[in-house]
Amino acid sequence: MSRVLIVGAGLTGSLCACLLRRELSDKVKIVVWEKSRGTGGRMSTSRSPSNMSCTVDLGAQYITATPYYSKIHKSFYDELLLHGVLKPLDARMEGMMLKDEGSINYVTPSGVSSIVKHYLKEAAGAEVLFGHHITHVSRRGAGWEVCRKGASPEQFDVVVLTMPVPQILQLQGDIGSLLKDSERQKLEAVSYSSRFALGLFYKAGVQINVPWAAKYVSNNPCIRYIAIDDKKRNLVSNECGPSVVVHTSVTFGLQHLEEALEEVQPVILKELQKVMPELPEPENIKCQKWRYSQVKPALIYEKHKAPVADLPILVFCGKCQSSSTVLASEHRAHYRMSGPQAAL
């Protein structure tokens with residue numbers, strides 16, 4: 001039985017695992033390595049340390065299906081809607097602009113990480129391992145030898161890398177020698193916007209009285225987007241307090257990129273106070289740095305994938321291409337699901 005390693009348990013990695021399982025059934029052993037403590041990547045959902053039922057999405061805020069992708073990937077949207085993973089976004093969003101007429105926006109009632117969890121569940125039998133930080137990929141005979149921090153090398157027949165391009169290029173082993181100069185130049189040309197996100201958690205009974213569920217901010221050098229996250233997802237409950245998510249601008253993110261979260265958080269809170277002076281004091285706060293937030297420019301390969309080696313198979317996919325699994329515009333807090341071809 002062939003062993004396939006998928007590096008990254010975000011949207012691309014989970015969908016890749018799901019499609020491989022559906023196409024190849026029990027003919028392949030699927031292993032997923034994720035360096036963090038949980039699934040999701042930029043589609044992760046955070047919980048309040050005081051009340052686990054109080055959640056906030058610090059990354060992707062909603063899913064946009066353009067008319068083109070709604071048509072060619074109808075089965076994927078239908079599946080997520082059928083299982084209650086997605087539902088139409090009907091909350092008031094101030095300042096949101098749609099470039100494609102006829103696009104449909106969706107939210108995730110259980111948090112955006114529920115999309116990733118759904119696909120991993122569909123990849124029945126896949127071994128998902130957390131705290132696995134890949135360091136080397138080397139060619140060994142008809143397969144690949146893959147190393148991670150603090151562990152012995154393991155052998156795989158196929159390796160699929162779904163990390164951001166800079167992390168792929170930093171891998172030791174044979175990847176550098178396998179890349180043609182033209183391929184390396186394309187990969188090195190890919191850059192990312194960066195931003196910070198704050199999640200604010202409140203006690204039950206706290207009221208945040210604003211007429212909108214989310215708002216794009218255009219007159220503040222720091223704050224770009226604010227959402228009353230439970231209101232946006234229509235989850236207002238008397239047993240759980242509200243949650244607020246704040247995204248900074250890309251300019252602010254780049255200016256403070258190398259600073260510690262403890263230094264940046266007070267700056268964001270000070271600017272948030274200017275935008276929403278009546279906002280109550282939160283019970284808990286989580287600050288997140290998204291170093292690789294959104295791709296610019298996107299790297300596009302034929303057939304929506306970037307094969308690096310034919311035999312044995314090594315594939316780059318994920319956050320280096322607009323035509324892989326995810327596309328996000330620079331100034332919007334959403335993902336455009338634009339192609340399930342993350343698999344082989």
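Because the structure is predicted, anything quoted here is derived from the model rather than measured.

Procedures and definitions
Residues numbered from 1 in each chain as written. Predicted model: local features only at pLDDT ≥ 70, side-chain atom pairs only at ≥ 80, totals over all residues. Heavy atoms only, no water. Helix = DSSP H or I, 4+ residues; strand = E, 2+ residues; numbered from the N terminus. Buried < 20%, exposed > 50% of the residue type's maximum accessible area, 1.4 Å probe, protein only. Areas by Shrake-Rupley, 256 points an atom, 1.4 Å probe, with all protein chains shown as cover. Salt bridge = Lys/Arg side-chain N within 4 Å of Asp/Glu carboxyl O. Pairing = 2+ DSSP bridges. Core = buried A, V, L, I, M, F, W, Y, C linked by side-chain atoms within 4.5 Å. pLDDT = per-residue confidence, 0-100. Contact = heavy atoms within 4.5 Å. Axes fitted to C-alpha atoms, helices over the stretch in contact; angles between N-to-C directions. Parallel < 35°, antiparallel > 145°, perpendicular 65-115°, else oblique. Nonpolar A, V, L, I, M, F, W, Y, C, P; charged D, E, K, R; others polar. Phe/Tyr/Trp six-rings, centres within 6.5 Å; stacked < 30°, edge-to-face > 60°. Lys NZ or Arg CZ within 6 Å of the ring centre and 35° of its normal.

1. A closer look at the overall build of the chain
No. 1: Looking only at helices and strands, the chain features 10 helices and 23 strands.
No. 2: Expressed as a percentage of the 344 residues in the chain, the buried residues total 55%.
No. 3: On the chain, roughly 15,600 Å² of surface is accessible, and the fraction owed to carbon and sulfur atoms is 50%.

2. Some thoughts on the pattern of salt bridges
No. 1: Scanning the model with the defined rule gives 13 salt bridges in all.
No. 2: For the salt bridge of Glu-94 with Arg-92, the shortest nitrogen-to-oxygen distance reads 2.9 Å.
No. 3: For Arg-92, a relative accessible area of 47% puts it in the partly exposed group.
No. 4: Taking the shortest distance from any N to any O, the salt bridge between Lys-232 and Asp-229 comes out at 2.8 Å. Residue Lys-232 and its partner Asp-229 are located together in helix α8 (residues 229-232), separated by three residues, close to a single helical turn. Residues Lys-232 and Asp-229 agree in their burial class; the two are buried.
No. 5: Because the salt bridges share partners, they merge into one network encompassing Asp-57, Asp-229, Lys-232 and Arg-233.

3. A closer look at the sheet that holds strand β11 (residues 143-148)
No. 1: Overall, mixed pairing links the four strands, which are arranged β12-β11-β10-β14 in an open sheet. Strands with a single pairing partner mark the edges of an open sheet, and in this sheet they are β12 (154-156) and β14 (172-173).
No. 2: Sheet analysis places strand β10 (residues 134-140) next to β14, joined by two bridges and oriented parallel. Directly across from His-136, in β14, lies its bridge partner Gln-172.

4. Side note on the nonpolar core
Generally speaking, nonpolar side chains in soluble globular proteins are found buried as a group.
No. 1: Counting 23 residues, the largest nonpolar core has Ile-134, Val-137, Val-146, Leu-161, Ile-175, Leu-314 and Phe-316 as the members making the most contacts within it.
No. 2: Broken down by secondary-structure element, the contributors of at least two residues to this core are β1 (2-7), β2 (28-34), β10, β11, β13 (158-161), α5 (165-169) and β21 (313-316).
No. 3: If you look at the next biggest cluster of nonpolar residues, it comprises 21 residues, including Leu-198, Trp-212, Val-217 and Met-276.

5. What to know about the confidence of the model for the chain
No. 1: Here the chain shows a mean pLDDT of 87. Residues at 70 or above account for 88%.
No. 2: Mean pLDDT in the chain bottoms out at strand β22 (residues 326-327), which sits at 30, and peaks at helix α10 (residues 261-275), which reaches 98.
No. 3: Across residues 301-305 the pLDDT falls below 50, and counting only partners more than four positions away or on other chains, this stretch makes 10 contacts in the model.
No. 4: When the criterion is pLDDT under 50, residues 321-344 qualifies, and its contacts beyond four places in sequence or with other chains add up to 104 contacts.

6. A look at the packing of helix α3 (residues 74-82) against helix α4 (residues 113-122)
No. 1: Here α3 crosses α4 at 100 degrees, and the two axes come no closer than 11 Å. Considering their axes alone, α3 and α4 lie roughly perpendicular with respect to each other. Here α3 contributes Phe-76, Glu-79 and Leu-80 to the contact with α4, which in turn contributes Ile-115, His-118, Tyr-119 and Glu-122.
No. 2: A per-class count over the contact of α3 with α4 returns four nonpolar, one polar and two charged.

7. Let's talk about the packing of aromatic side chains
No. 1: Counted by the stated rule, this structure contains six aromatic pairs.
No. 2: Ring geometry for Tyr-77 versus Tyr-106: centroids 5.9 Å apart, planes at 25 degrees, classification stacked. Of this pair, Tyr-77 sits in helix α3 while Tyr-106 sits in strand β8 (residues 104-107); the two residues are 29 residues apart in sequence, bridging distant segments of the chain. Exposure class is identical for Tyr-77 and Tyr-106. Each is buried.
No. 3: Seen from the ring of Trp-290, Arg-42 lies directly overhead, with NZ or CZ sitting 5.3 Å from the centre.
No. 4: Lying over the aromatic face of Trp-33, Arg-148 brings its terminal NZ or CZ to 5.8 Å of the ring centre.

8. Observations regarding the environment of Pro-164
No. 1: For Pro-164, the location among the structural elements is in the loop between β13 and α5.
No. 2: Of the residues examined, Pro-164 reaches a relative accessible area of 10% and is grouped as buried.

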